[in-house]
Amino acid sequence: MNRADRRFRQSGYGGNSGLELHVITHEKQEVEELLSVWPRLLPWVDYFHIRFKNRSLDQVGKIAARILAETIIPPSSLVINSYIQVVEQLGCGGVHLPERQTDWKEWKHRLPHVRWGRSVHSLESARQAEEDGLDYIIAGHIFPSPSKPGQNPMGLDKLANMAKNVRIPVIAIGGIGVDQVEEVMRAGAAGIAVISAVSGHPSPERVVQELKRRGKHA
């Protein structure tokens, strides 16, 4: 365990504080913004996701390497979306898979200590993720979201049904801000994942702190 990992775990933050909070990159974010903002969010954020659908494996690997080299964010809290090779190369703590990615099973045997997640949009997909041995799922989008223009949201009833019918943690995503946290948690979510609620806010530290506070007391 490196120094950053020890500092993070000794701080007492993370999954023991009620709401499991995931922060995901916005597609247009640059690495300089992540280097500046993410370390300030560390006391309240459990997992930081690097998700850039339009960037190559090499580009994502370089971004992740800079974050680990130039900030106090520990490898255990860094999640790479899709590019499993980056996780292996850098010792990141998590892999997050899109719903239809299939080239992951042999990797899972090679990386037994990594936390594996998958995005899902239906109860059937949630059950399949559990059967496949995934550690958690991100379900959504729950409410109308800027990242899903024109697409109908899942809603709280479907979220509650999903949470009731799988044993692995369900992390809710999509249109969730401070005002929606409590109802999402009451629906059975183990946590939330946010993009624009943090990346587009002038005071992201205040947002994540309030998200955690409301989630803890939901």
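I will try to describe carefully the structure that is included in this document. (Residues numbered from 1 in each chain as written. Predicted model: local features only at pLDDT ≥ 70, side-chain atom pairs only at ≥ 80, totals over all residues. Heavy atoms only, no water.)

A few points about the pattern of salt bridges
Stated formally: Criterion for a salt bridge: a side-chain nitrogen of Lys or Arg within 4 Å of a carboxyl oxygen of Asp or Glu. Helix and strand definitions here come from DSSP, where helices need a minimum of 4 consecutive H or I residues and strands a minimum of 2 consecutive E residues; each element is numbered from the N-terminal end.
Counting across every chain of the model gives 15 salt bridges. Here Glu30 and Arg55 are joined by a salt bridge, their closest N and O atoms 3.9 Å apart. Here Arg55 lies in the loop between β2 (47-50) and α3 (57-70) and Glu30 lies in the loop between β1 (20-24) and α2 (31-41), a separation of 25 residues in the sequence. For Glu182, the salt bridge is made with Arg186, and the minimal N-O distance between the two is 3.8 Å. Taken together, the residues span about one helical turn, with Glu182 and Arg186 both in helix α8 (residues 181-186) at a distance of 4 residues. Connected via shared salt-bridge partners are Asp179, Glu210, Arg213 and Arg214.

Remarks on the nonpolar core
This is how it is decided: Here, nonpolar core means buried Ala, Val, Leu, Ile, Met, Phe, Trp, Tyr and Cys residues that are tied together by side-chain atoms lying within 4.5 Å of each other. Relative accessibility thresholds used throughout: buried, under 20% of the residue-type maximum; exposed, over 50%; partly exposed, between the two (1.4 Å probe, protein chains only).
Ranked by internal contacts, the top residues of the largest apolar core, which has 61 residues, are Trp38, Ile50, Ile80 and Trp116. Considering every element that reaches this core, the biggest residue donor is α2, with 6 residues. Of all hydrophobic cores here, the second largest spans 9 residues; its members include Val79, Tyr136, Ile138 and Ile173.

What about the environment of Leu159?
Condition: Any pair of residues with heavy atoms lying within 4.5 Å of one another is described as a contacting pair.
Within the secondary structure, Leu159 sits in helix α7 (residues 156-165). In this structure Leu159 comes out as buried when scored by relative accessible area, which is 0%. Counting along the chain gives 53 residues from Leu159 to Glu106, while the straight-line C-alpha distance between them is 30 Å. Apart from residues lying up to four places away in sequence, Leu159 is in contact with Ile142, Met154, Val170, Ala172, Val184, Ala187 and Ala189.

Description of the packing of aromatic side chains
The criterion, for reference: Here the aromatic set is Phe, Tyr and Trp, taking the six-membered ring for Trp, and pairing holds for ring centres within 6.5 Å; pairs whose planes are under 30 degrees apart are stacked, those over 60 apart are edge-to-face, and all others are tilted. Any Lys NZ or Arg CZ found within 6 Å of a ring centre and within 35 degrees of that ring's normal is scored as a charge over the ring.
Tallying each qualifying case throughout the model produces 2 aromatic pairs. Where Trp104 meets Trp116, the ring centres are 6.2 Å apart and the plane angle is 45°; that geometry is what we call tilted. Of the two residues, Trp104 is situated in the loop between β4 (94-97) and α5 (105-110) and Trp116 in strand β5 (residues 115-120); the sequence distance between them amounts to 12 residues. Judged by its relative accessible area of 0%, Trp116 falls in the buried class. The side chain of Arg55 reaches across the aromatic face of Phe52, ending 4.0 Å from its centre. If you follow Arg110 out to its NZ or CZ, it ends over the ring of Trp107, 4.3 Å from the centre.

Overview of the pairing of β1
Stated precisely, the cut-off is as follows: At least two bridges found by DSSP between two strands are what make those strands a pair. With the strands pointing away from the viewer, any crossover whose connection runs clockwise from the first strand over the helix to the second is right-handed.
Taken across its 5 residues, β1 has 5 buried, putting it largely inside the fold. Along β1, one buried face is formed by Glu20, His22 and Ile24 and the opposite face, lined by Leu21 and Val23, is buried too. Pairing geometry for β1 and β2, over 3 bridges, is parallel. Opposite His22, over in β2, you have Tyr47 as the bridge partner. For the crossover that starts at β1, traverses α2 and ends in the parallel β2, the hand is right-handed.

Notes on unusual backbone geometry
His141 follows Gly140 through a cis peptide bond whose omega is 0°. As for its position among the elements, His141 is in the loop between β6 (136-140) and α7. In this model, Ser82 sits at a positive phi of 75°, which is unusual for a non-glycine residue. Structurally, the position occupied by Ser82 is in the loop between β3 (78-81) and α4 (84-90). Look at Ser82 and you get partly exposed, because its relative accessible area is 27%.

What to know about helix α6 (residues 123-131)
Inclusion rule: Each direction from the helix axis to a C-beta atom contributes to the arc, which is the arc of those directions.
Buried within α6 are the following residues: Ser125, Ala126, Ala129 and Glu130. Across the axial projection of α6, the buried residues extend over an arc of 140°, all falling on one side. Across from the buried face of α6, at angles greater than 90 degrees, the exposed residues are Glu124 and Glu131. Where α6 is buried, its residues touch β5, β6 and α7. Remark: Gly133 follows α6 within two positions and exhibits a positive phi of approximately 90°.

These results come straight from atomic positions and should not be treated as a statement about function.
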